[in-house]
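A structural walkthrough
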Amino acid sequence: MNHILSGIEPVEVWNHFYNISQIPHPSAYEEAICRYIYNLAVNLGMEVAMDKAGGNDFGNILVRCPPTPGFEKVPYTIFQSHLDMVALPDEKKHQPLHL
């Protein structure tokens, strides 16, 4: 994959950032980004669940990451975020970001 963020370390993180930036995900239109995150977690072998809070077949996503070997007894860390993005100007909210 070759894009404006190519070559920045860590490469894998910036590739995901770029991929996410190319999926329009304004408020009330999060289905595509939900599916991207869901499939990414599945492909990484993580335990993943999604409810239908967004309507149809998508909504909130819960991803459980297995602990790093040797850290199985360490307390859990929880991350929470929104999957929508405030898109300005409004007429461009269904377009990928131009990086």
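Provided above is the structure to which this section pertains.
Right, let's walk through the structure included here.

Rules used in this analysis
Residues numbered from 1 in each chain as written. Predicted model: local features only at pLDDT ≥ 70, side-chain atom pairs only at ≥ 80, totals over all residues. Heavy atoms only, no water. Helix = DSSP H or I, 4+ residues; strand = E, 2+ residues; numbered from the N terminus. Polar contact = N/O pair within 3.5 Å; in protein donor to acceptor, adjacent residues only side chain to side chain. Contact = heavy atoms within 4.5 Å. Phe/Tyr/Trp six-rings, centres within 6.5 Å; stacked < 30°, edge-to-face > 60°. Buried < 20%, exposed > 50% of the residue type's maximum accessible area, 1.4 Å probe, protein only. Axes fitted to C-alpha atoms, helices over the stretch in contact; angles between N-to-C directions. Parallel < 35°, antiparallel > 145°, perpendicular 65-115°, else oblique. Nonpolar A, V, L, I, M, F, W, Y, C, P; charged D, E, K, R; others polar.

Moving on, we get to the side chain of His3. With respect to the helices, strands and loops of the structure, His3 is situated in the segment before α1 (11-21). A distance of 2.8 Å separates a polar atom in the side chain of His3 from a polar atom in the side chain of Asn15. Those residues in contact with His3 that lie beyond four places of it in its chain are Trp14, Asn15 and Tyr18.

Take the packing of aromatic side chains next. Counted according to the given criterion, the structure contains one aromatic pair. Both rings, one in Trp14 and one in Phe17, keep their centres 5.4 Å apart while their planes meet at 70 degrees; by these two values the pair is edge-to-face. Note that Trp14 and Phe17 are positioned in helix α1 at a spacing of three residues, about one turn of the helix. Taking the relative accessible area as the measure of exposure, Trp14 reaches 28% and is therefore partly exposed. Assessed through its relative accessible area of 42%, Phe17 is described here as partly exposed.

Summarising the element assignment, Met50 is placed in strand β1 (residues 47-50). Here Met50 is in contact with Cys34, Arg35, Tyr38, Asp57, Phe58, Gly59, Asn60 and Ile61, once residues within four sequence places are set aside.

This next bit is on the packing of α1 against helix α2 (residues 31-43). Axis angle and axis distance: for two packed helices, these are the angle between their axes and the distance between the axes, and together they describe the pair. It is at 10 Å that the axes of α1 and α2 come closest, and there the two elements cross at 150 degrees. Taken together, the axes of α1 and α2 are roughly antiparallel relative to one another. Between α1 and α2, the residues in contact are His16, Asn19 and Ile20 and Ile33, Tyr36, Ile37 and Leu40, respectively. Grouping the constituent residues of the contact of α1 with α2 by class yields five nonpolar, two polar and no charged.

A cis amide bond links Glu9 to the next residue, Pro10, at an omega of -10 degrees. Within the secondary structure, Pro10 sits in the segment before α1. Of note, Ala28 is a non-glycine position whose phi angle comes to about 80 degrees, a positive value. Look at Ala28 and you get exposed, because its relative accessible area is 62%.

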